[in-house]
Amino acid sequence: MPVVSTAGSQAGLRSSAPSRNHVDQLVIISGLDAGRAFDITKEVTTAGRHETSDVLLDDVSVSRHHAIFTRTASGRITLRDLNSLNGTYLNGGRVEETTLHSGDEVQIGKFKLVFWEATQ
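Residues numbered from 1 in each chain as written. Predicted model: local features only at pLDDT ≥ 70, side-chain atom pairs only at ≥ 80, totals over all residues. Heavy atoms only, no water.

A few points about the nonpolar core
Item 1. In terms of nonpolar packing, the biggest core is built from 20 residues, with Leu 26, Leu 57, Phe 69, Leu 100 and Ile 108 touching the most fellow members.
Item 2. Elements with a contribution of two residues or more to this core: strand 3 (24-30), strand 4 (37-40), strand 7 (67-71), strand 8 (77-81), strand 12 (105-108) and strand 13 (111-116).
Item 3. At 3 residues, the largest contribution of residues to this core is made by strand 13.
Item 4. Other than its neighbours up to four places away in sequence, Phe 69 contacts Leu 26, Ile 40, Glu 43, Val 44, Thr 45, Ala 47, Ile 77, Thr 78, Leu 79, Leu 100 and Ile 108. (Core = buried A, V, L, I, M, F, W, Y, C linked by side-chain atoms within 4.5 Å. Buried < 20%, exposed > 50% of the residue type's maximum accessible area, 1.4 Å probe, protein only. Helix = DSSP H or I, 4+ residues; strand = E, 2+ residues; numbered from the N terminus. Contact = heavy atoms within 4.5 Å.)

Encoded structure:
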C-alpha cells in the first residue's frame, strides 16, 4: 500500500510518491477513500461511477463513464474526459485530453487523485 501524505501547501494537497511503485498508479488523496490505489495496467483504464469502471468512484458528482486513461505506444498515460457533466481537472485546470506526469493531481467529481508513474 502506498504511503500518502496530505500535508497542506500553497497549491493545495500534495502527496508523497509510493516507495515501491512498479506499475503506474492513481491514488485517492481526498475523501472517504483517501489512500485507495488503482493500478493502471491495461491499455485503456476506465474511470467513473458505473459498476464496471476500472477506477470506480461512487458519488453523484462523477458521471457513469467519466474519463479514460490510455497507455500510448511510448508507454505514457493520457487522460481524456468523456464529455462528463462536471468535467475532469488536472492540477486545478479543466482538461479534455492531456498526458500525465508523475505527481499530477487529477480531479474527477469530488475525488482528487494523484498519478504516479512506474519506477523501473
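Side note on the pairing of strand 12
Item 1. Two strands pair when backbone bridges link them, and strand 9 (residues 88-90) and strand 12 are joined in this way by 3 bridges, in the antiparallel orientation. Looking at the pairing, Leu 90 lines up with Val 106 of strand 12.
Item 2. From the end of strand 12 to the start of strand 13, which pair antiparallel, there are 2 residues, and Gly 109 there has a positive phi angle of about 60°. (Pairing = 2+ DSSP bridges.)

Quick word on the side chain of Thr 88
Item 1. Within the secondary structure layout, Thr 88 lies in strand 9.
Item 2. Assessed through its relative accessible area of 0%, Thr 88 is described here as buried.
Item 3. Separated by 3.4 Å, the side chains of Thr 88 and His 66 make a polar contact.
Item 4. Separated by 2.5 Å, the side chains of Thr 88 and Asp 81 make a polar contact. (Polar contact = N/O pair within 3.5 Å; in protein donor to acceptor, adjacent residues only side chain to side chain.)

Topic: the sheet that holds strand 8
Item 1. Read across the open sheet, the 5 strands follow the order 6-5-7-8-11; overall the sheet is mixed. Among the strands making up the open sheet, the edge pair consists of strand 6 (55-56) and strand 11 (97-99).
Item 2. Note: strand 5 (residues 44-48) against strand 6, 2 bridges, orientation parallel. Following the sheet pairing, Ala 47 is matched in strand 6 by Val 55.

Concerning the sheet that holds strand 12
As a general point, the strands of a sheet are linked pairwise by backbone hydrogen bonds and lie either parallel or antiparallel.
Item 1. In spatial order, the strands read 4-3-13-12-9-10; together these 6 strands make up an open sheet with antiparallel pairing. Of all strands in the sheet, those bounded by a partner on one side alone are strand 4 and strand 10 (93-95). On average, each strand axis in the sheet is inclined to that of its neighbour by 30°, with strand direction left out of account.
Item 2. Relative to strand 13, strand 12 runs antiparallel, the two sharing 4 bridges. (Axes fitted to C-alpha atoms, helices over the stretch in contact; angles between N-to-C directions.)

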